[in-house]
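Chain by chain, the residues:
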Amino acid sequence: MIESIQNILPDSFIYAAGMMILHLIWQGVVLASLLTLLLVIFRRSSPQTRYNAALTALFIIPVAAMITFYSELSRHEYIAQVYQVTRATTEDDSARFGIQGLLTLYSKYLPIIVMIWILGVITLLLRSIGQLILIQRLKNHYLEPLSEPFNDLIISVKSELKISKDFLAFFSGKVLSPMVIGHLKPVVLFPKQVINSLDENELVAVIRHELAHIKRNDYLVNLVQSVIEIVFFFHPATWWISAIVRKEREECCDTFAFEDEHSKIALANALTKLCAF
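Residues numbered from 1 in each chain as written. Predicted model: local features only at pLDDT ≥ 70, side-chain atom pairs only at ≥ 80, totals over all residues. Heavy atoms only, no water.

Asker: Can you walk me through the overall build of the chain in this structure?
Answerer: Scanning the chain from terminus to terminus reveals 13 helices and 4 strands. Partitioning the intrachain contacts of the chain with sequence separation of at least 6 by distance along the chain shows that 72% fall at a separation of at least 24. For the chain, the exposed area adds up to about 15400 Å²; of that, 64% sits on carbon and sulfur atoms. (Helix = DSSP H or I, 4+ residues; strand = E, 2+ residues; numbered from the N terminus. Contact = heavy atoms within 4.5 Å. Areas by Shrake-Rupley, 256 points an atom, 1.4 Å probe, with all protein chains shown as cover.)

Asker: Where do I start with the environment of Thr 123 in this structure?
Answerer: By the element assignment, Thr 123 lies in helix H7 (residues 110–137). Thr 123 sits 107 residues away from Ile 230 along the chain, and the two C-alpha atoms are 8.9 Å apart.

Asker: Would you mind going over the sheet that holds strand E1 (residues 143–144) with me for this structure?
Answerer: Picture the strands of a sheet paired through backbone hydrogen bonds; they go either parallel or antiparallel. Spatial strand order, E1-E2-E4-E3: 4 strands in an open sheet with mixed pairing. Only two strands of the sheet have a single neighbouring strand rather than two, namely E1 and strand E3 (179–181). One ladder, built from 2 bridges, connects E1 with strand E2 (residues 168–172); its direction is antiparallel. Within the sheet, the bridge partner assigned to Leu 143 lies in E2 and is Ser 172. (Pairing = 2+ DSSP bridges.)

Asker: What is the right way to look at the nonpolar core in this model?
Answerer: In globular proteins that are soluble, nonpolar side chains generally tend to be buried together. Counting residues in hydrophobic clusters, the biggest one holds 35 residues, and the most contacted among them are Leu 35, Ile 61, Trp 117 and Ile 241. When contributions to this core are tallied by element, the ones reaching two or more residues are helix H2 (11–41), helix H3 (47–73), H7, helix H11 (218–231) and helix H12 (236–257). Considering each element in turn, this core owes the most residues, 11 residues, to H2. In contact with Leu 35, other than residues within four places in its own chain, are Ala 53, Ala 54, Ala 57, Trp 240 and Ile 241. In this structure, Phe 150, Leu 161, Phe 167 and Ile 195 belong to the second largest nonpolar core, which totals 21 residues. (Core = buried A, V, L, I, M, F, W, Y, C linked by side-chain atoms within 4.5 Å. Buried < 20%, exposed > 50% of the residue type's maximum accessible area, 1.4 Å probe, protein only.)

Asker: What exactly am I supposed to notice about H7 here?
Answerer: Residues separated by three or four positions in an α-helix point in the same direction, a consequence of the helix having 3.6 residues per turn. For H7, which comprises 28 residues, the first-to-last C-alpha distance of 41 Å matches the rise-based estimate of 40 Å (1.5 Å per residue) to within 8%. Buried residues of H7: Leu 110, Pro 111, Val 114, Met 115, Trp 117, Gly 120, Val 121 and Leu 124, and no others. (Expected span 1.5 Å × (residues − 1).)

Asker: Looking at this structure, how should I read the environment of Ser 46?
Answerer: Inspection of the secondary structure puts Ser 46 in the loop between H2 and H3. Placed 202 residues apart in sequence, Ser 46 and Glu 248 show a C-alpha to C-alpha distance of 9.5 Å.

Next comes the structure, spelled out in structure tokens:
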């Protein structure tokens, strides 16, 4: 099986990708630990500060991985030596050399490890593409025009938040909570059944929250974030850091909805009704 994989992928790629995976294990732990410390330090700071810290940690993951990959890829002579040693060394012999032995043993199974990683990336990518297609379909199906009073509220909030980007907004019979779809030409969807149960203050709070996503370009950032989750799915730190990013992103948008104490109460009531639905 290993030989079959080596016939498909170059040895240099297999080695570089395998080493990238290995090094990312400790790199991810270090990043998660540093982020944990920063979150403690910034626990009383604004959500935007915590969001920036978490997003920076998340973006460091692919940067560190690429640096490691290209660094290992350039070591062609060493790669050849590793594979020669791997072919000549048995598992019993490897066990005698401590860490070096473990690394040699790891190198022996690099083709299988890298192939499992590639298959995992492909599987998650196909699933995400399917989900994205379904979400994009919501932009064109089961839509109803907004009522004039509701549309006026959206125009008013757009002006208050100084959003220059044009977007469309509709009622949808297929969504259970408000959502923004798209970056260049965003579409905001509101669930008609739930929205009709909110009072004006609650509606304004919900609208401000959703339009904040447009103002902050969150849809685009979320796409990049999803790609990072797919490529580095094997490390728990990726998912933990990504979850922190999503949590703080929502809190950042909540701050746009807070004009005063009444706004906080209105948003809390609106979220309660949305969750109940």
